[in-house]
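So the chains spell out like this:
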Amino acid sequence: MKVPTTNPSPGRRGIVVIAVSIALSGSAWAQWPKFKEPGVPRDARGSVQMDAKTPRTPDGKPDLSGDWVRADRDPLPQELAGVVTRQGETQRTGVAVEPPTTPFPPDRNAPPLATFFELGANIQGGLPMTTWATEIKKQRMATNDRDNPDANCLPMGLTQFHMQPQPRKIVQTPTLIVILYEANYGLRYIYMDGRSLPPQGEPQPLWNGYSVGRWEGDTLVVETNNLRGAENTPYDGWLDVRGSPYSDQAKFVERFRRPTFGKLEIDVTVDDPKSFTKPFTVRINQRYLADDEPIEFVCNENQQFRQRIKVD
Amino acid sequence: MRNLIVIVIGFSLLAAAAPAVAHHSFAAEFDANKPVTLTGTVTKVEWMNPHVWFYADVKDETGKVSNWGFELGSPNGLMRSGWTRNSMKTGDSVTVEGSRAKDGSNHVNARSVTLASTGQKLFAASSQNQQQ
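Residues numbered from 1 in each chain as written. Chains lettered and ligands numbered in written order. Predicted model: local features only at pLDDT ≥ 70, side-chain atom pairs only at ≥ 80, totals over all residues. Heavy atoms only, no water.

Caption draft 1: Representation of the overall build of chain A within the structure. Each helix and strand counted, chain A has four helices and nine strands in total. Mapped in sequence order, the helices and strands of chain A form the string β-α-α-α-β-β-β-β-β-β-β-β-α. Taken across its 312 residues, chain A has 49% of its residues classed as buried. Counting contacts in chain A only where the partners sit at least 6 residues apart, residues at least 24 apart contribute 62% of the total. Within the structure as shown, chain A displays about 14,900 Å² of accessible surface, and the carbon and sulfur contribution to it stands at 53%. (Helix = DSSP H or I, 4+ residues; strand = E, 2+ residues; numbered from the N terminus. Buried < 20%, exposed > 50% of the residue type's maximum accessible area, 1.4 Å probe, protein only. Contact = heavy atoms within 4.5 Å. Areas by Shrake-Rupley, 256 points an atom, 1.4 Å probe, with all protein chains shown as cover.)

Caption draft 2: Up close: the overall build of chain B. Counting secondary structure elements, chain B contains two helices and six strands. Listing every helix and strand of chain B by position from the N terminus yields α-β-β-β-α-β-β-β. Counting the 132 residues in chain B, one finds 67% classified as buried. Put simply, of all contacts in chain B between residues at least 6 apart along the chain, 56% involve residues at least 24 apart. By element, 51% of the accessible surface of chain B is carried by carbon and sulfur atoms, the whole surface being about 4,100 Å².

Caption draft 3: Structural view of the pattern of salt bridges. Scanning all chains against the criterion turns up 28 salt bridges over all chains. The salt bridge partner of Lys137(A) is Glu118(A), with a shortest N-O separation of 2.7 Å. Here Lys137(A), found in helix H2 (residues 131-142), pairs with Glu118(A), found in the loop between helix H1 (77-80) and H2; they are 19 residues apart in sequence, far enough to count as distant. Accessibility assignment for this pair places Lys137(A) and Glu118(A) in one class, buried. For the salt bridge of Glu29(B) with Arg308(A), the shortest nitrogen-to-oxygen distance reads 2.3 Å. With one member in each of two chains, Glu29(B) in helix H1 (residues 26-29) and Arg308(A) in helix H4 (residues 305-308) form a pair that bridges those chains. Given the relative accessible area of 4%, Glu29(B) is considered buried. You can call Arg308(A) buried: its relative accessible area is 13%. Each of Asp107(A), Arg257(A), Lys263(A), Glu265(A), Asp267(A) and Arg283(A) takes part in salt bridges that share partners, so that together they form one network. (Salt bridge = Lys/Arg side-chain N within 4 Å of Asp/Glu carboxyl O.)

Caption draft 4: Representation of the state of the cysteines within the structure. All names here are of chain A. Tallied over the full model, the rule gives one disulfide over all chains. Cysteine 153 shares a disulfide with cysteine 299; S-S distance 2.0 Å. Note on the cysteine 153 and cysteine 299 pair: the S-S dihedral is about -65°, so by sign convention the disulfide is left-handed. With cysteine 153 in the loop between H2 and helix H3 (158-163) and cysteine 299 in the loop between strand S9 (280-288) and H4, this pair connects stretches of sequence that are 146 residues apart. Using a relative accessible area of 10% as the deciding quantity, one classes cysteine 153 as buried. Residue classification places cysteine 299 among the buried positions, given a relative accessible area of 5%. (Disulfide = S-S within 2.5 Å.)

Caption draft 5: A nonpolar patch on the surface, seen in detail. Residue and element names in this part refer to chain A. Together, Val171, Leu180, Leu187 and Tyr189 line one region of the surface with nonpolar side chains, adding up to about 310 Å² of accessible area. Take leucine 180: it is sitting in strand S3 (residues 176-181). Judged by its relative accessible area of 34%, leucine 180 is partly exposed. (Patch = residues over 30% accessible without salt bridge, like charges linked within 9 Å, V, L, I, M, F, W, Y side chains within 5 Å.)

Caption draft 6: Main features of the pairing of strand S2 (residues 53-59) of chain B. All names here are of chain B. The buried count for S2 comes to five of seven residues, which makes it a mostly enclosed element. Where strand S1 (residues 30-46) and S2 come together, six bridges link them in antiparallel fashion. The partner of valine 45 across the bridge, within S2, is phenylalanine 54. Where S2 and strand S3 (residues 65-71) come together, seven bridges link them in antiparallel fashion. Across the sheet, aspartate 57 pairs through a bridge with asparagine 67, a residue of S3. (Pairing = 2+ DSSP bridges.)

Caption draft 7: The side chain of Asn225(A), seen in detail. Residues and elements named next belong to chain A. Tracing the backbone through its elements, the reader meets asparagine 225 in strand S6 (residues 219-225). On the accessibility criterion, asparagine 225 (6% relative accessible area) is buried. There is a polar contact of 2.9 Å between the side chain of asparagine 225 and the backbone oxygen of proline 198. Look past the residues within four positions of asparagine 225 in its chain and what remains in contact with it is Leu197, Pro198, Pro199, Gln200, Gly209, Tyr210 and Ala250. (Polar contact = N/O pair within 3.5 Å; in protein donor to acceptor, adjacent residues only side chain to side chain.)

Caption draft 8: Focus on the pairing of S3(A). Residue and element names in this part refer to chain A. Sheet topology places strand S2 (residues 168-172) next to S3; five bridges connect them, and they run antiparallel. The residue of S3 that forms the bridge with glutamine 172 is isoleucine 177. Two successive antiparallel strands, S2 and S3, enclose a turn made up of three residues. As consecutive antiparallel partners, S3 and strand S4 (residues 187-191) are separated by five residues, and within that stretch asparagine 184 has a phi angle of approximately 55°, a positive value.

Next up, the structure:
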């Protein structure tokens, strides 16, 4: 596709360049403190061996602990809008600001890949939304997704948390698994002590729901209910950036596998009869992030988004 | 926009739909169809979450100076791209490319920042196209 130039014509209105020449100060370009993570398999040149075998805990279970970034490349917003094709990608001037995404080779046996913007972008016909869900999504898109909890420093829902570009850390113990998200300082508890899910709605819905996990062979199966659905506030029940909703009735089942050192596969099944005419499953891949880590992120430190767009 | 040195870059890929990633909705606040390039002198840097903002005095064709606000990515994202809180300072002359606020206010979501003193291009870690 032909891409028009982005250069302004030089003969147009004069550009007033304020010629203040102040040299960049001598301060060194420092980054987050560098460290070399111990226990990571590396080749002779020090590169991480992503295909090395799965680490295991003393009791023989796969150890999912460590820092992870999403691996799947999201379609560009312009692609989703049908405005450009992938060939136009080289014209972009945007920059990666989070650890880079390197997709794994396609897996034909996997469920459709989820995308951050549209969870069902790779599902034939999209997500099987009910009229209720379709109307909510329409309303959300009509206000440019301004109520996305991610955009408002709030917990953003399980699937947005899995795909947000900022990294996350899994801490695994035999009785509890914790996921710590850099994004909006999210925190998720997965109880591994054999307890059952509480009844739906009891004692109350939660931002991240109530999650219990168990091992089925090398697969960690996590069931979640008691999520705050879209009935609660405009910020609740978001599956993706475009506002595909879930309701108070939603139940999520996530299947985590770590087939190699460097790969985490998460198959997410959403069963929510109020929002979807049938359950569906999507795949999210994450890649091990060695020698980097989540950094403190206090989102509300200086959040002025809603004041600037004059809705608060 | 009269008299301001706002250069309409014309249609580009960036003029296409551009929803948000991260800590605000890009599309609710900025208009990708209003690309601007501005040069000015930095008056303040707010190195804070969720997004860094800096302000610069920009002179228009008549010599009138206005203060503009520019949004960058998160401090963490910028740090991972090699920025520090000292990369840009009050008094620096910079040229910014970005998208102007929908409401026509002097707010811009910056895609790139170039230091006039060195020609060095500091990435903006814009929320507009950060995925990759």
